[in-house]
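What the coordinates show
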Amino acid sequence: PILRQLVHHFNMITQVVTSSILSRTTLSTRIMLVEMWIIVADHAFKMNNYSLGLQITSALGSTSISRLKSTFAGLQPKYMKLLAELSSMVNPLD
């Protein structure tokens, strides 16, 4: 039961991040939201909240988000670098 709750919570947070980005119709709003979620994930890791950091970083790396090429092309370089650092913490083999 507790494992199911953990998985459900993980999926719920990931879905919140994903839907918050995908529900926006303008590119500038999507870019702003992706940058915001990158900042939130970074703060979560700095506060040792690895679960939340992993959930957000996983959502940003999901297929439905990672296919938004123009959104990621519009990110400021510092956010692209931070996302790469977060992703390497989550999946060090990549």
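Up top is the structure these notes are about.
None of these values were measured; they are calculated from a predicted model. (Residues numbered from 1 in each chain as written. Predicted model: local features only at pLDDT ≥ 70, side-chain atom pairs only at ≥ 80, totals over all residues. Heavy atoms only, no water.)

**With respect to a nonpolar patch on the surface**
Together, Ile2, Leu3, Leu6 and Val7 give the surface a local cluster of nonpolar side chains, amounting to about 420 Å² of exposed area. Positionally, Ile2 belongs in helix H1 (residues 2–22). Among the residues examined, Ile2 registers a relative accessible area of 60% and is labelled exposed. (Patch = residues over 30% accessible without salt bridge, like charges linked within 9 Å, V, L, I, M, F, W, Y side chains within 5 Å. Areas by Shrake-Rupley, 256 points an atom, 1.4 Å probe, with all protein chains shown as cover. Salt bridge = Lys/Arg side-chain N within 4 Å of Asp/Glu carboxyl O. Helix = DSSP H or I, 4+ residues; strand = E, 2+ residues; numbered from the N terminus. Buried < 20%, exposed > 50% of the residue type's maximum accessible area, 1.4 Å probe, protein only.)

**Comments concerning H1**
Here H1 spans 30 Å end to end across 21 residues, near enough to the 30 Å set by a 1.5 Å rise per residue. On its buried side, H1 packs onto helix H2 (27–46), helix H3 (50–60) and helix H4 (63–66). (Expected span 1.5 Å × (residues − 1). Contact = heavy atoms within 4.5 Å.)

**Here's the deal with the packing of H2 against helix H6 (residues 77–90)**
As a packed pair, H2 and H6 sit with axes 10 Å apart at the nearest point and diverge in direction by 45 degrees. Comparing the axis directions of H2 and H6 gives the class oblique. The way H2 lies across H6 gives a crossing that is left-handed. Facing Glu35, Ile38, Ile39, Ala41, Asp42 and Phe45 of H2, the residues of H6 in contact are Tyr79, Leu82, Leu83, Leu86, Met89 and Val90. For the contact of H2 with H6, the per-class residue count stands at 10 nonpolar, no polar and two charged. (Axes fitted to C-alpha atoms, helices over the stretch in contact; angles between N-to-C directions. Parallel < 35°, antiparallel > 145°, perpendicular 65-115°, else oblique. Left-handed = near helix turned anticlockwise from the far one by under 90°. Nonpolar A, V, L, I, M, F, W, Y, C, P; charged D, E, K, R; others polar.)

**Observations concerning the pattern of salt bridges**
One pass over the structure, following the stated rule, counts one salt bridge. Here Asp42 ties to Lys46 by a salt bridge, and the two come within 3.1 Å at their closest N and O atoms. Of this pair, Asp42 and Lys46 both sit in helix H2, separated by four residues, roughly a single helical turn. The exposure class of Asp42 is buried, given its relative accessible area of 14%.

**Topic: the packing of H1 against H2**
At a closest axis distance of 9 Å, the pairing of H1 and H2 adopts a crossing angle of 155 degrees. Taken together, the axes of H1 and H2 lie roughly antiparallel to each other. Here Val17, Ser20, Ile21 and Leu22 of H1 come into contact with H2, specifically with Arg30, Leu33, Val34 and Trp37. A breakdown of the residues in the contact of H1 with H2 according to their chemical character gives six nonpolar, one polar and one charged.

By themselves, these are just geometric observations and shouldn't be taken as functional.
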